[in-house]
Amino acid sequence: MSESSANDPALQFPTIRHGIERVDPGLIARARALPSATVHEAGGRVGALPPAIKPVHPSMKLCGPAVTVHSPGGDNLWIHRALYVAKPGDVLVVYANEVHDYGYWGEIMSTAAQVRGLGGLVIAGGVRDIDLLERIGFPVFATGLCIRGTGKDHLARGWVNHPVLLGDITVHAGDLVLGDRDGVVVIGRERAAGVVQAAEQREAKEADVLKRIAAGERTLELYNF
């Protein structure tokens, strides 16, 4: 976020936090090379978001620090605001009050997010303009598609960069968010370095296991089942 964005009167709400601590960029670069399932396992099998949240195209992947958004159901004005609170590389993580059946995001917002250099969107809600979203290529993970339009209520209460609950996972601003075709995992910022290191070690170990299986060894003996 630029200095001008921080001072924009349209973004001066008491429920918006502008100064958040984020996962280290070097750690994000390392995490980007890892599968979501490996990170989930290495993190103690915690942090998996609901499996209904899927990429709108199988090739889409995302990895970055979370900018959290609590949006009123059926309204996407707070998501528009969050676009200009987030910094390049940030991933918007949106809770829409359990009101899923609206198209909270589409071609215009994907284009705006891409111009801003953001890292992706994760939303417990619907999106639309699927063909155009695929063409734009900005990573979008959602619970489904819905053509119903949203409102823009300037008096509706929302939050940016405060904790949100997706399924049974509380996501905090600055947490590490990693998503691919298998799903989305969130790792707390303070745990991220240890989990990424453990995930890298797990990947190396599994590569060795695959070689041994290819050479004829059995999984039953390899894992002492």
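Quick caveat: nothing in here was measured; it's all calculated off a predicted structure.

### So, the pairing of strand E5 (residues 140-145)
Relative to E5, strand E1 (residues 54-55) runs antiparallel, the two being bridged by two bridges. Among the inter-strand pairings, Pro 55 is bridged to a residue of E5, identified as Phe 141. For strand E4 (residues 120-127) and E5, the ladder comprises five bridges, and the chain directions are parallel. Across the sheet, Leu 121 pairs through a bridge with Val 140, a residue of E5. A crossover connection joins E4 to the parallel E5 through helix H6 (residues 130-136); in handedness this β-α-β unit is right-handed.

### Points about the pairing of strand E9 (residues 176-180)
For E9, a buried count of five out of five residues is recorded, marking the element as mostly surrounded by other parts of the structure. Of the two faces of E9, both are covered, the one formed by Leu 176, Leu 178 and Asp 180 as well as the one formed by Val 177 and Gly 179. In terms of strand pairing, strand E2 (residues 62-70) meets E9 through four bridges, oriented antiparallel. Across the sheet, residue Gly 64 finds its bridge partner in E9, namely Val 177. The pairing of E9 with strand E10 (residues 183-187) spans five bridges and is classified as antiparallel. Across the sheet, Val 177 pairs through a bridge with Val 186, a residue of E10.

### Quick notes on unusual backbone geometry
Peptide bonds are, in most cases, trans, and in most cases residues other than glycine have a negative phi. Look at Glu 98: it is not a glycine, yet its phi comes out positive at around 65°. Counting through the fold element by element, Glu 98 comes out in the loop between strand E3 (91-95) and helix H5 (107-116). Positive phi, close to 55°, is recorded for Asn 224, a residue that is not glycine. Within the secondary structure, Asn 224 is located in the segment after helix H8 (219-222). On the basis of relative accessibility, which here comes to 69%, the residue Asn 224 falls in the exposed class.

### Some thoughts on the nonpolar core
Ranked by internal contacts, the top residues of the largest apolar core, which has 49 residues, are Leu 92, Trp 105 and Val 122. Val 122 has contacts with Leu 49, Ile 53, Leu 62, Val 91, Leu 92, Val 93, Val 94, Phe 141, Leu 166, Val 177 and Val 184, leaving out every residue within four places of it along the chain. Within the second largest apolar cluster, 15 residues are counted, among which are Leu 34, Leu 178, Ile 187 and Ala 192.

Rules used in this analysis
Residues numbered from 1 in each chain as written. Predicted model: local features only at pLDDT ≥ 70, side-chain atom pairs only at ≥ 80, totals over all residues. Heavy atoms only, no water. Pairing = 2+ DSSP bridges. Helix = DSSP H or I, 4+ residues; strand = E, 2+ residues; numbered from the N terminus. Right-handed = clockwise from strand over helix to strand, strands pointing away. Buried < 20%, exposed > 50% of the residue type's maximum accessible area, 1.4 Å probe, protein only. Core = buried A, V, L, I, M, F, W, Y, C linked by side-chain atoms within 4.5 Å. Contact = heavy atoms within 4.5 Å.

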